[in-house]
Amino acid sequence: EIEAEIARLHKRQETTSMSLAEEKRLIKDIDALESSKKTVASIKSKDDELNATRDQKKALQTQLNSKDKEIDAVQSIIDDKSAALKAIYDQEADKRGDMQKLFQARDELRSQINDLITQRNAIRDAYREDNNQWYNYQRAVRKQKQIKYEEEKAA
């Protein structure tokens, strides 16, 4: 576009007769257009860089959105697992409560058993004492009978 304008101005300078002031102005315009070519090229370069950066930003945004979806999916799985784990923990807590009741019942039964064992031991000791007295009585009776028998035999 600038090249076309410069070429048009050169052609006009070459083909048209004009005053010196007009020709100076035309040459000044051509020089201005030549210097603006560098500026336009620089601006175009910056614009291209900006477009490349925008494209890169779009690509990164797409990747970011993809990663967000992956994170959401993983978070959903984590939430599901956490809920399942909480349910299991609650069940275990209920079982622990039941276990405490069972432990208390076991301790009560153990106490009752110990009481019964103590009673049994007391009864057994009393029986042994009575049994020992009976055997002692039987020995004494036999001893008396033996003494009596020996006295009768000696007499």
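The sections below set out a description of the structure shown in this document. (Residues numbered from 1 in each chain as written. Predicted model: local features only at pLDDT ≥ 70, side-chain atom pairs only at ≥ 80, totals over all residues. Heavy atoms only, no water.)

A tally of helices and strands in the protein chain yields two helices and zero strands. Radius of gyration (C-alpha) of the protein chain: 60 Å, far over the 15 Å computed for a compact globule of 155 residues. Across the 155 residues of the protein chain, 4% fall into the buried class. Total accessible area on the protein chain is roughly 13900 Å²; 55% of this is exposed by carbon and sulfur atoms. (Helix = DSSP H or I, 4+ residues; strand = E, 2+ residues; numbered from the N terminus. Rg over C-alpha atoms; globule rule 2.2 N^0.38 Å. Buried < 20%, exposed > 50% of the residue type's maximum accessible area, 1.4 Å probe, protein only. Areas by Shrake-Rupley, 256 points an atom, 1.4 Å probe, with all protein chains shown as cover.)

Here the structure, examined in full by the defined rule, presents nine salt bridges. A salt bridge links Lys 37 to Glu 3, with the nearest nitrogen and oxygen atoms 2.3 Å apart. In this pair, Lys 37 is assigned in helix H2 (residues 20-154) and Glu 3 in helix H1 (residues 2-15), connecting sequence segments 34 residues apart. Two residues, Lys 86 and Asp 90, come together in a salt bridge whose shortest N-O distance is 3.3 Å. Of this pair, Lys 86 and Asp 90 both sit in helix H2, four residues apart, which is roughly one turn of that helix. Among the residues examined, Lys 86 registers a relative accessible area of 52% and is labelled exposed. The class of Asp 90 is partly exposed, set by a relative accessible area of 34%. (Salt bridge = Lys/Arg side-chain N within 4 Å of Asp/Glu carboxyl O.)

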